[in-house]
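Secondary and tertiary structure notes
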Amino acid sequence: MSRKKEIFIALVTLTNKEIRRYLRIWVQTLVPPAVTMSLYFVIFGTLIGPRIGSMDGLDYIQFMIPGLIMMSVITNSYSNVVSSFYSVKFQKSIDELLVSPMPNWAILLGFILGGVSRGVLIGCIVFCVSLFFYPAFTVINPVLTILVLFLTAILFSLMGFLNAVFADSFDDISIIPTFVLTPLIYLGGVFYSINMLPEFWRNISLANPMLYVVNTFREGMLGVSDVSIPMALSMIVLFIVILAATSLHLLNKGTGIRQ
Amino acid sequence: MSQFALEITGLKKIYGSDVIALKGIDLTVTEGDFFALLGPNGAGKSSTIGIIGSLVNKTAGTVKIFGIDTDLDFPEAKRLLGVVSQEINFSQFEKVLDIVVTQAGFYGIPASEANPKAEKVLRRLGLWDKRDSQARTLSGGYKRRLMIAKALIHDPKLLILDEPTAGVDIELRREMWDFLKEINAKGTTIILTTHYLEEAEQLCKNIAIIDHGELVENTSMKDLLSRLDVQGFVLDLDQPLESAPTIQGFNMTLEDPNTINVAISKNQSINELFVQLSELNIQVNSMRNESNRLEEMFIEMVKKEQT
């Protein structure tokens, strides 16, 4: 058998293992985002939304849908990889991969594909939930929407991987999601347009990377955005390249996994 | 292909900036050998195995597996190698069969081939009935067997076992010995580390002893044991004694009224001892080694090294 075919089988095996892992615990991984997002739609969309009125010329619930989908994709792709890779380090089952002939890039790709699949699946679930609350929703630019969905899931899966590489305890894998990721997501234009903000806070918001992800996705779904789409897409791709190269370098060095 | 299953040259490992685990060891293991790698805790055994299996980064030196330099083509070398680590290292929440088939997949073996191979190895190790059980529900002994099944799923030519029978009951340990003897007889080279020196003596043809990161011995088991100068024996007596009998040339002590300990050197005859005991009307019911022969030798060598 050729090496390429062996590597492909190994990659598919690892990806399947990752997918099996979160599907096995679907009550913890797939149901909570659906429940939480339903609550957001009920409270902010149906109850409070009509009092807020329109946002960028759209119904508030309609404006909120892309943001909430992105929020779910970001947190789930990140948390899938960070918890899975840290667990294999903690349980030492990383040894199963290290003793095998699998190249490091295939190990990285396997974990990232696991995170991406969960992020995208959750995104689809939240979109389906949103249709219960806003059945008239139509996607303006499906190609851009799907492209951003995947790019975002890849970007945050890579961030989760890096977090897990450096984590030494379970505390370390919850600190960044709680104290960095969540505030940036909430302040990244999920619930509001930054055009509502005073100039000073608007400029500060432009430094928040979540803003670009959320707005590019909103452009794809609704055709409205607070930022330049080519610039935002370029930034996302650039960050993916930088994070992938860094992750691979750390894996090759054995940081956090080999003594 | 090289006649050596493993060739290690100048292998060094320094943890952090100053903890020296290996001081540059040279070691060869011949193809088909059943080889014991012994040493006290912290001697450098697990570091050596870790480096061979790619679990630990080496500081210097070369490792060749069947002539393949791991610095030049580690993936090819890994195909020939199976490693059973000291610590349980599989996902505790997966099913037994899934763990073994997944491990095969990491070696590029498709599920259609891996499933029958997994059935064969799990049946041989008595795990087939537990194939649908979650790994965390297995007893310690079964978890050890699963570790071996996982390491064998890609048919490695060199199998390294780091204390595979630690915490395993004697019955299971002996079953494992039989299994390891069987696969060694079929051609798999085996390197074993263990704290049960009886195990090394029973199974291994050749032996290396590491202490403080250095190789202090590398020879055949037969040669090593032949160097043992004095052996201690325990004699169980038919009738109780008040004090240890005095027999010229033999150093005897009374452990309890029915038990005598005696040290017999290499040039002394055990027959002579029994003749003398018979003359004193002392009847011996049974006799056994005070401790394992290899254990005595091992303690002697490690003590020498420390002084």
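It should be noted that the structure appears before, not after, this text.
Residues numbered from 1 in each chain as written. Chains lettered and ligands numbered in written order. Predicted model: local features only at pLDDT ≥ 70, side-chain atom pairs only at ≥ 80, totals over all residues.

Thoughts on the overall build of chain B
A tally of regular secondary structure across chain B gives 10 helices and 14 strands. In terms of principal-axis extent, the alpha carbons of chain B reach across some 75 × 45 × 35 Å. In chain B, which comprises 307 residues, the proportion classed as buried is 38%. Within chain B, counting contacts between residues at least 6 apart in sequence, those at least 24 apart form 67% of the total. (Helix = DSSP H or I, 4+ residues; strand = E, 2+ residues; numbered from the N terminus. Buried ≥ 20, exposed ≤ 12 C-beta atoms within 10 Å, placed from the backbone. Contact = placed C-beta atoms within 7 Å.)

Description of the overall build of chain A
Per the secondary structure count, chain A includes 11 helices and 2 strands. Secondary structure elements of chain A occur, N-terminal to C-terminal, as α-α-α-β-β-α-α-α-α-α-α-α-α. Relative to its length of 259 residues, chain A is compact, with a C-alpha radius of gyration of 19 Å against a globular reference of 18 Å. Long-range pairs, those at least 24 residues apart, make up 81% of the contacts in chain A with a sequence separation of at least 6. (Rg over C-alpha atoms; globule rule 2.2 N^0.38 Å.)

Some thoughts on the interface of chain A and chain B
Residue-level contacts link 22 residues of chain A with 23 residues of chain B. For the side of chain A that touches chain B, the element with the most residues is helix α1 (residues 3-24) of chain A, which contributes 7 residues. Taken together, the residues of the side of chain A that touches chain B sort by class into 9 nonpolar, 6 polar and 7 charged. (Nonpolar A, V, L, I, M, F, W, Y, C, P; charged D, E, K, R; others polar.)

Things to note about the packing of helix α6 (residues 104-133) of chain A against helix α11 (residues 229-253) of chain A
Residue and element names in this part refer to chain A. Here α6 crosses α11 at 125°, and the two axes come no closer than 9 Å. Judged on the interaxial angle alone, α11 and α6 are oblique. Relative to α11, the crossing made by α6 is right-handed. Across the interface between the two elements, Asn-104, Trp-105, Ile-107 and Leu-108 from α6 touch Ser-247, Leu-248, Leu-251 and Asn-252 from α11. (Axes fitted to C-alpha atoms, helices over the stretch in contact; angles between N-to-C directions. Parallel < 35°, antiparallel > 145°, perpendicular 65-115°, else oblique. Left-handed = near helix turned anticlockwise from the far one by under 90°.)

Regarding helix α3 (residues 96-106) of chain B
Note that an α-helix has 3.6 residues per turn; residues three or four places apart therefore point the same way. Of all 11 residues in α3 of chain B, 11 are buried; the element is thus mostly enclosed. Those residues of α3 of chain B that sit buried are Val-96, Leu-97, Asp-98, Ile-99, Val-100, Val-101, Thr-102, Gln-103, Ala-104, Gly-105 and Phe-106 of chain B. Contacts from the buried residues of α3 of chain B go to α1 and α5 (94-98) of chain A together with α4 (111-124) and α5 (140-152) of chain B. Downstream of α3 of chain B by a residue or two, Gly-108 of chain B has a phi angle that is positive, lying close to 80°.

Regarding the pairing of strand β2 (residues 19-30) of chain B
All names here are of chain B. Across 9 bridges, strand β1 (residues 4-15) lies against β2 in antiparallel orientation. Residue Tyr-15 lies in a different strand from β2, and its bridge partner there is Val-19. In sequence, β1 turns back onto β2 through a hairpin of 3 residues, with Gly-16 there showing a positive phi of about 65°. (Pairing = 2+ DSSP bridges.)

Notes on the sheet that holds strand β8 (residues 189-193) of chain B
In sheet architecture, strand pairing relies on hydrogen bonds along the backbone and comes in two forms, parallel and antiparallel. All names here are of chain B. Spatially, the 6 strands line up as an open sheet ordered β6-β7-β8-β3-β9-β10, and their pairing is mixed. Here the strands that pair on one side only, and so sit at the sheet edges, are β6 (81-84) and β10 (214-220). Between one strand and the next, the sheet's axes are offset by a mean angle of 15°, whatever the strand orientation. Bridge count between strand β3 (residues 34-38) and strand β9 (residues 206-211): 4 bridges; the pairing is parallel. Looking at β9, one finds that Phe-35 is bridged to Asn-206.

Some words on helix α10 (residues 209-222) of chain A
The first and last C-alpha atoms of α10 of chain A sit 20 Å apart over 14 residues, in line with the 20 Å expected at 1.5 Å per residue. By the criterion of burial, α10 of chain A is predominantly enclosed, with 13 of the 14 residues buried. (Expected span 1.5 Å × (residues − 1).)

Concerning the sheet that holds β1 of chain B
Residue and element names in this part refer to chain B. With antiparallel pairing, the 4 strands of this open sheet are ordered in space as β2-β1-β4-β5. For this open sheet the edge positions go to β2 and β5 (68-69), each flanked by a neighbour on one side alone. Pairing of β1 with strand β4 (residues 60-65) involves 5 bridges; the strand directions are antiparallel. Considered in β4, the bridge of Leu-6 is made with Ile-65. Across the sheet, helix α1 (residues 45-52) lies against β1, β2 and β4, angled at about 115° from β1, the strand it touches most.

Some words on the environment of Met-159 of chain A
Residue and element names in this part refer to chain A. Among the structural elements, Met-159 can be located in helix α7 (residues 142-166). Residue class for Met-159 comes out buried when judged on the 23 C-beta atoms lying within 10 Å of it. In the structure, Met-159 is positioned 97 residues away from Gln-62 in sequence and 29 Å away in space, judged by C-alpha atoms.

Focus: the environment of Ala-167 of chain A
Residues and elements named next belong to chain A. The topology assignment puts Ala-167 in the loop between α7 and α8 (172-186). Put simply, Ala-167 and Val-31 are 136 residues apart on the chain and 27 Å apart in space, counted from C-alpha to C-alpha. With residues up to four places along the chain from it excluded, the contact list for Ala-167 reads Tyr-86, Asp-172 and Ile-173.

Observations concerning the packing of helix α4 (residues 60-90) of chain A against α6 of chain A
All names here are of chain A. Running from N to C, α4 and α6 point in directions that differ by 150°, and their axes come no closer than 8 Å. Our classification of the angle between α4 and α6 gives roughly antiparallel. Handedness of the crossing formed by α4 with α6: right-handed. In the contact of α4 with α6, the residues fall into 14 nonpolar, 10 polar and 1 charged.

Observations concerning unusual backbone geometry
Residue and element names in this part refer to chain B. At Glu-163, a position not held by glycine, the phi torsion is positive, near 50°. Following the sequence through the fold, Glu-163 ends up in the loop between β7 (158-162) and α6 (170-185). C-beta crowding within 10 Å serves as the criterion here: with 21 such atoms nearby, Glu-163 is assigned to the buried category. Unlike most non-glycine residues, Asn-281 shows phi in positive territory, near 60°. Tracing the sequence through the fold places Asn-281 in the loop between α9 (270-279) and β14 (284-289).

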